[in-house]
Amino acid sequence: MAQTRNYQITLYPAHREGAFVVTKFTIMDSYPEKQLQAAGMDDLIAQVTHFAMEHGEGCRASVRCLAARKPPGFKKATEDLYFNLEDRTAEKFSRPAA
């Protein structure tokens, strides 16, 4: 059985522009955060997904392991966690009517 570890999740605003995902970081701004305990990567990803879906807006989930050692597979499981992305390509290239 996997050992239970503490994690901190922060959700940063994100959206899709064509084939790219754009994440916005603003210094001195506050973002939704949550601390949780998870036993294994499947449990962690399920809890992060639930938190992001409750948030409801396009976001990138940043997961930080608060334990002294990260569990095996942590980086691979948490490096690309994007949720609820909306495509803003049309907004960027649309021109106002003259």
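Before reading on, note that the structure itself is shown above.
A few points on the structure. Everything numeric in this text was worked out from a predicted model, so none of it was measured.

Tallying secondary structure elements over the protein gives three helices and five strands in all. Taking all 98 residues of the protein together, 30% fall into the buried category. Partitioning the intrachain contacts of the protein with sequence separation of at least 6 by distance along the chain shows that 69% fall at a separation of at least 24. Summed over its atoms, the accessible surface of the protein is roughly 7,000 Å², and 50% of this surface lies on carbon and sulfur atoms.

On to the packing of aromatic side chains, then. Per the counting criterion, the structure on display carries three aromatic pairs. Aromatic rings pair up to connect Tyr-12, Phe-25 and Tyr-31 into one cluster.

On to the environment of Pro-71. Along the chain, the position of Pro-71 falls in the loop between β4 (59-65) and α2 (74-78). For the pair Pro-71 and Met-41, spaced 30 residues apart in the sequence, the C-alpha separation amounts to 8.3 Å. Ignoring any residue separated from it by four or fewer positions in sequence, one finds Pro-71 in contact with Arg-5, Tyr-7, Met-41 and Cys-65.

A word on unusual backbone geometry. Phi is positive for Met-28, which is not a glycine, with a value near 65°. Tracing the chain through its elements places Met-28 in the loop between β2 (20-23) and β3 (33-39). Taking relative accessible area as the criterion, Met-28 reaches 83% and is therefore assigned exposed. Notably, Asn-84 is not glycine yet its phi reads approximately 55°, a positive angle. Looking at the element boundaries, Asn-84 is found in the loop between β5 (82-83) and α3 (89-93). Overall, Asn-84 belongs to the partly exposed group, its relative accessible area being 30%.

What counts, and where the lines are drawn
- Residues numbered from 1 in each chain as written.
- Predicted model: local features only at pLDDT ≥ 70, side-chain atom pairs only at ≥ 80, totals over all residues.
- Heavy atoms only, no water.
- Helix = DSSP H or I, 4+ residues; strand = E, 2+ residues; numbered from the N terminus.
- Buried < 20%, exposed > 50% of the residue type's maximum accessible area, 1.4 Å probe, protein only.
- Contact = heavy atoms within 4.5 Å.
- Areas by Shrake-Rupley, 256 points an atom, 1.4 Å probe, with all protein chains shown as cover.
- Phe/Tyr/Trp six-rings, centres within 6.5 Å; stacked < 30°, edge-to-face > 60°.

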